[in-house]
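# A closer look at the structure
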Amino acid sequence: MQVLNEEGGPLHYGEIARRALETGIWTTKGRAPDRSLNSVLTTDIKKRGDSSLFVRTGNGTYGLREHAGTIAPVDAEQPALPEQSVSAHSFSDAAEIVLKNTKNREPLHYRDIAATALSEGLITTAGKTPEMTMYAVILQEIKRHTARGAQPRFVKHGKGYVGLTEWMGKGLAFQIERHNRTIRKKLRETLLKLRPEQFEVVVGELLLALGFEEVQVTPSQSDGGIDVRGTLVIGDVIRT
């Protein structure tokens, strides 16, 4: 009820379950909490009728009866669509998955997000404009989280482009980490291009920088599998 009240409108039972678990207002050890919630809501509406706090507004979607003036309830006895027609993910979760799978963390247009989510089977819908639904859900989530003072998952870049907030790091620590990540990537690429004998020389220089003494790069042949030798002096006493 709290999730729907904060939303101010109907939601798919999968999204209701996700938010309830995410915020900690509901806990369960069940393997399919979304389906359990769907069953509970359906049973409550069927048993209580007009006195139920909930109303079914569509296939797998529910709202609060107090909001009935802005939503169109449907018969709770109406059979659900076949299981394969029910989305495996909510639109917002599907959008997050699509964005996380993009290269170089680049924002995508909401039409491309929806198209990818549909083609990969992340969502299914009988609606004629799934791309508009996708964009509306994303914008609504941004607005809802911002109003609560919480960090939204998504960030709007304008002209229909959307990215993930986790990509938008700020501050000196983020700048340093981004720089280090770039250097690590370039260093790895450089090391992979080295010939074996060149790599051995680099290892020897690294051991010297770490404080090893008497560092020697062994000959490429008849070295018994040892590429570099060095002595580490610990406390001016132990030599290893």
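Heads up: the structure comes first, above all this text.
Residues numbered from 1 in each chain as written. Predicted model: local features only at pLDDT ≥ 70, side-chain atom pairs only at ≥ 80, totals over all residues. Heavy atoms only, no water.

Next up on the list: the pairing of strand 3 (residues 61-64). Where strand 1 (residues 11-12) and strand 3 come together, 2 bridges link them in antiparallel fashion. Across the sheet, residue Leu11 finds its bridge partner in strand 3, namely Tyr62. Note that strand 2 (residues 54-58) and strand 3 share 4 bridges and pair antiparallel. Bridge pairing links Val55 to Gly63 in strand 3. (Pairing = 2+ DSSP bridges. Helix = DSSP H or I, 4+ residues; strand = E, 2+ residues; numbered from the N terminus.)

On the surface, Leu187, Leu191, Phe199 and Val202 cluster together into a nonpolar patch covering about 310 Å² of accessible area. The set of elements that each furnish at least two residues to the nonpolar patch consists of helix 7 (171-193) and helix 8 (196-209). Positionally, Leu191 belongs in helix 7. The class of Leu191 is partly exposed, set by a relative accessible area of 30%. (Patch = residues over 30% accessible without salt bridge, like charges linked within 9 Å, V, L, I, M, F, W, Y side chains within 5 Å. Areas by Shrake-Rupley, 256 points an atom, 1.4 Å probe, with all protein chains shown as cover. Salt bridge = Lys/Arg side-chain N within 4 Å of Asp/Glu carboxyl O. Buried < 20%, exposed > 50% of the residue type's maximum accessible area, 1.4 Å probe, protein only.)

This paragraph deals with empty space enclosed by the protein. With the rule as written, the count across this model stands at 1 cavity of 30 Å³ or more. The volume enclosed by the largest cavity comes to roughly 40 Å³. Every residue along the wall of the largest cavity is listed here: Val3, Glu6, Arg19, Glu22, Thr23, His145 and Arg148. Breaking the lining of the largest cavity down by element, the ones donating at least two residues are helix 1 (2-7), helix 2 (13-23) and helix 6 (130-148). Of the residues forming the lining of the largest cavity, the biggest block, 3 residues, is contributed by helix 2. Of the residues in the lining of the largest cavity, the class split is 1 nonpolar, 2 polar and 4 charged. (1 Å grid on protein atoms, 1.4 Å probe; cavity = no way out; pocket = protein on both sides within 12 Å on 5 of 7 lines; lining within 4 Å. Points joined across faces, edges and corners; volume = space filled by probe spheres on them. Nonpolar A, V, L, I, M, F, W, Y, C, P; charged D, E, K, R; others polar.)

Turning our attention to helix 3 (residues 33-48). Along an α-helix, a turn takes 3.6 residues, which lines up residues three or four apart on a common side. The terminal C-alpha atoms of helix 3, which comprises 16 residues, lie 22 Å apart, in line with the 22 Å expected from a rise of 1.5 Å per residue. Burial in helix 3 covers these residues: Pro33, Leu37, Leu41, Asp44 and Ile45. Along the axis of helix 3, the buried positions cluster into a sector of 105 degrees, meaning they face one direction only. Along helix 3, the residues that are exposed and aim more than 90 degrees away from the buried face are Lys46 and Lys47. Packed against the buried residues of helix 3 are helix 2, strand 2 and strand 3. Count one or two residues on from helix 3 and you reach Gly49, which has phi positive near 65 degrees. (Expected span 1.5 Å × (residues − 1). Arc of directions from axis to C-beta. Contact = heavy atoms within 4.5 Å.)

A few words now on the sheet that holds strand 3. Strand order in the open sheet formed by 3 strands is 1-3-2, and the pairing between neighbours is antiparallel. Sheet topology places strand 1 and strand 2 at the edges, where each strand pairs with a single neighbour. Here helix 3 sits on the sheet in contact with strand 2 and strand 3, set at roughly 110 degrees to strand 2. (Axes fitted to C-alpha atoms, helices over the stretch in contact; angles between N-to-C directions.)

Two elements, strand 4 (residues 108-109) and strand 6 (residues 161-164), share 2 bridges in a ladder whose sense is antiparallel. Within strand 6, the residue paired with Leu108 across the bridge is Val162. Counting the residues in the hairpin turn of strand 5 (residues 154-158) and strand 6 gives 2 residues, including Lys159, whose phi is positive at 55 degrees.

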